[in-house]
Amino acid sequence: MLNEASVVDGRIHKSCGGFYSVYTAGGMVECRARGLFRREGATPLVGDLARVELLPDGTGSVVELLSRKNALERPPLANLDQLLLISSTARPRPNLRILDLLLVTAERAGMEPLLVFTKSDLQGGEPLASLYRACGYRACAVARNASEDAVEEIRGRLAGKISALCGNTGVGKSTLLNRIDPSLALPTGEISEKLGRGRHTTRHVELFSLAGGWVADTPGFSSLEAKARDLPQKEELAAAFREFAPYLDDCRFRDCAHISERGCRVLRAVEDGEIPKSRHESYVALWITLNEQKPWEKS
């Protein structure tokens, strides 16, 4: 039985090897999770609001997870306000298919995306930033020798929010965080010349106090295996592409899939250059994937 006098609420700020650092009104408490989470198949995530039972030795035990507004499995985070999608313009080259999949995931979870194209000194990032701005997203390009104004724009969008940075390995997430706040001194990795991608330099998920908000630096990944339940039904996919919105009601057929149908207003917008071809290609690839899924794969 819990001693309610020793129970406090807090937010999980770090997860590593089954240990959780929970930020409470009385400070940070190092915790383990109760066995009930394993029995119930629940996993505490960084960002979760949790109830903690304080123990006599100064540590604690996570005894309850409070309601989440959203959650991601990769990176494993909960209750995010925004998702900073980091993509380099070179070394490694941008993968727009993965970027567009991340945007769909963010839309599905109700997280506001912000796209940041790094290493613009190697390959200009403004054309990519402009492409996504035209689609209705916030986007910016940052060079490694970026002016303070460029960094300040990103810093200003972090205040008062819980944010996560995610993107392919080696795109410069830790480097960007260090530019925003040099006191973090996060380790960064050089790009492998042979493979064209970076080494994993972030070993755990953790929330950092940064620019008036909280930011998660997450383990890098070279591919995203989005879970089926995190994606929309194929009939709802078009709504996750913001630039499709002005055209969806003008297709000839109400059940138009916007793939190859005659009278599709979305396809005409692609032909006229009103919707970027790369974005429609990402839509088609994801629609086909969702169409081929079996019903039990969505559970």
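In what follows, the structure referred to is the one given above.
Residues numbered from 1 in each chain as written. Predicted model: local features only at pLDDT ≥ 70, side-chain atom pairs only at ≥ 80, totals over all residues. Heavy atoms only, no water.

Q: Explain the overall build of the protein chain to me, and be specific about the residues and the numbers.
A: Each helix and strand counted, the protein chain has seven helices and 13 strands in total. By the burial criterion, 48% of the 299 residues in the protein chain qualify as buried. Long-range contacts, defined as pairs at least 24 residues apart, comprise 65% of the intrachain contacts of the protein chain with a sequence gap of at least 6. (Helix = DSSP H or I, 4+ residues; strand = E, 2+ residues; numbered from the N terminus. Buried < 20%, exposed > 50% of the residue type's maximum accessible area, 1.4 Å probe, protein only. Contact = heavy atoms within 4.5 Å.)

Q: Can you break down the side chain of Ser21 residue by residue, with the values?
A: By secondary structure assignment, the location of Ser21 is in strand β2 (residues 19–24). We classify Ser21 as buried; its relative accessible area is 8%. Polar contacts involving the side chain of Ser21 include one to the side chain of Glu30, which spans 2.8 Å. Apart from the residues within four sequence positions on either side, Ser21 is in contact with Arg11, Ile12, His13, Lys14, Met28, Val29 and Glu30. (Polar contact = N/O pair within 3.5 Å; in protein donor to acceptor, adjacent residues only side chain to side chain.)

Q: I'd like a rundown of the nonpolar core, residues and numbers included.
A: Grouped together as the largest cluster of nonpolar side chains are 36 residues, with contacts concentrated most on Leu80, Leu83, Leu115, Phe117 and Tyr132. When sequence neighbours within four positions are dropped, the list of residues in contact with Phe117 reads Ser87, Thr89, Leu99, Gly125, Leu128, Ala129, Tyr132, Ala139, Cys140, Ala141 and Val142. Grouped together as the second largest cluster of nonpolar side chains are 23 residues, Leu101, Phe244, Cys264 and Leu286 included. (Core = buried A, V, L, I, M, F, W, Y, C linked by side-chain atoms within 4.5 Å.)

Q: Before we move on, can you summarise unusual backbone geometry with the specific residues and values?
A: Here the amide bond leading from Arg91 into Pro92 is cis, since omega sits at 0°, within 30 degrees of zero. Along the chain, the position of Pro92 falls in the loop between β8 (82–88) and α2 (96–109). Residues other than glycine seldom take positive phi values, yet Lys119 does so here, at roughly 60°. Here Lys119 lies in the loop between β9 (112–118) and α3 (126–134). Positive phi, close to 65°, is recorded for His258, a residue that is not glycine. Note that His258 resides in the loop between β13 (213–217) and α6 (265–271).

Q: Please give an account of the pairing of strand β4 (residues 49–54) that cites residues and values.
A: Examined bridge by bridge, strand β1 (residues 7–16) and β4 share five bridges and lie antiparallel to one another. Along β4, the bridge assignment pairs Asp9 with Arg51. Where β4 and strand β5 (residues 60–65) come together, five bridges link them in antiparallel fashion. Bridged to Ala50 within β5 is Leu65. In this structure, the hairpin formed by β4 and β5 is closed by a connection of five residues, where Gly58 is found at a positive phi of approximately 95°. (Pairing = 2+ DSSP bridges.)

Q: Provide a residue-level description of helix α5 (residues 173–180), including the pertinent values.
A: Most of α5 sits inside the fold, with six of its eight residues counted as buried. Residues Lys173, Ser174, Leu176, Leu177, Asn178 and Ile180 constitute the buried set of α5.

Q: Help me get a handle on the packing of α2 against helix α7 (residues 277–292), residues and values and all.
A: Contact geometry for α2 and α7: axes closest at 10 Å, N-to-C directions at 70°. When the axes of α2 and α7 are compared, the pair comes out roughly perpendicular. Taken as a pair, α2 and α7 cross one another with a handedness that is right-handed. Packed against α2, whose contacting residues are Leu96, Arg97, Asp100, Leu101, Leu103 and Val104, the element α7 presents Ser278, Arg279, Glu281, Ser282, Ala285 and Leu286 at the interface. Here the residues of the contact of α2 with α7 sort into six nonpolar, two polar and four charged. (Axes fitted to C-alpha atoms, helices over the stretch in contact; angles between N-to-C directions. Parallel < 35°, antiparallel > 145°, perpendicular 65-115°, else oblique. Left-handed = near helix turned anticlockwise from the far one by under 90°. Nonpolar A, V, L, I, M, F, W, Y, C, P; charged D, E, K, R; others polar.)

Q: Which residues make up the pattern of salt bridges, and what are the values?
A: Enumeration according to the criterion identifies 15 salt bridges in this entry. Two residues, Asp9 and Arg51, come together in a salt bridge whose shortest N-O distance is 3.3 Å. Of this pair, Asp9 sits in strand β1 while Arg51 sits in strand β4, and the two are 42 residues apart along the sequence. The salt bridge partner of Arg242 is Glu107, with a shortest N-O separation of 2.5 Å. Of the two residues, Arg242 is situated in the loop between β13 and α6 and Glu107 in helix α2; the sequence distance between them amounts to 135 residues. (Salt bridge = Lys/Arg side-chain N within 4 Å of Asp/Glu carboxyl O.)

Q: Outline the packing of aromatic side chains, listing residues and values.
A: Taken as a whole, this structure holds five aromatic pairs when the rule is applied. Plain terms: the ring middles of Tyr23 and Trp214 are 5.7 Å apart, the flat faces sit at 55° to each other, and that makes the pair tilted. Taken together, the residues Tyr23 in strand β2 and Trp214 in strand β13 connect sequence positions 191 residues apart. Taken together, the ring pairs in this structure connect Phe241, Phe244 and Tyr283 into an aromatic cluster. (Phe/Tyr/Trp six-rings, centres within 6.5 Å; stacked < 30°, edge-to-face > 60°.)

Q: Which residues make up the environment of Asp57, and what values do they have?
A: By the element assignment, Asp57 lies in the loop between β4 and β5. Only 2.6 Å separates the side chain of Asp57 from the side chain of Thr59, close enough to count as a polar contact.

Q: Residue-level account of the environment of Ala164, with values.
A: Note on placement: Ala164 falls in strand β11 (residues 162–166). C-alpha of Ala164 to C-alpha of Leu85: the two residues are 79 residues apart in sequence and 8.3 Å apart in space. The contacts of Ala164, once residues within four sequence positions are left out, are Leu77, Leu80, Gln82, Leu83, Leu84 and Ala216.

By themselves, these observations are geometric and do not establish any function.
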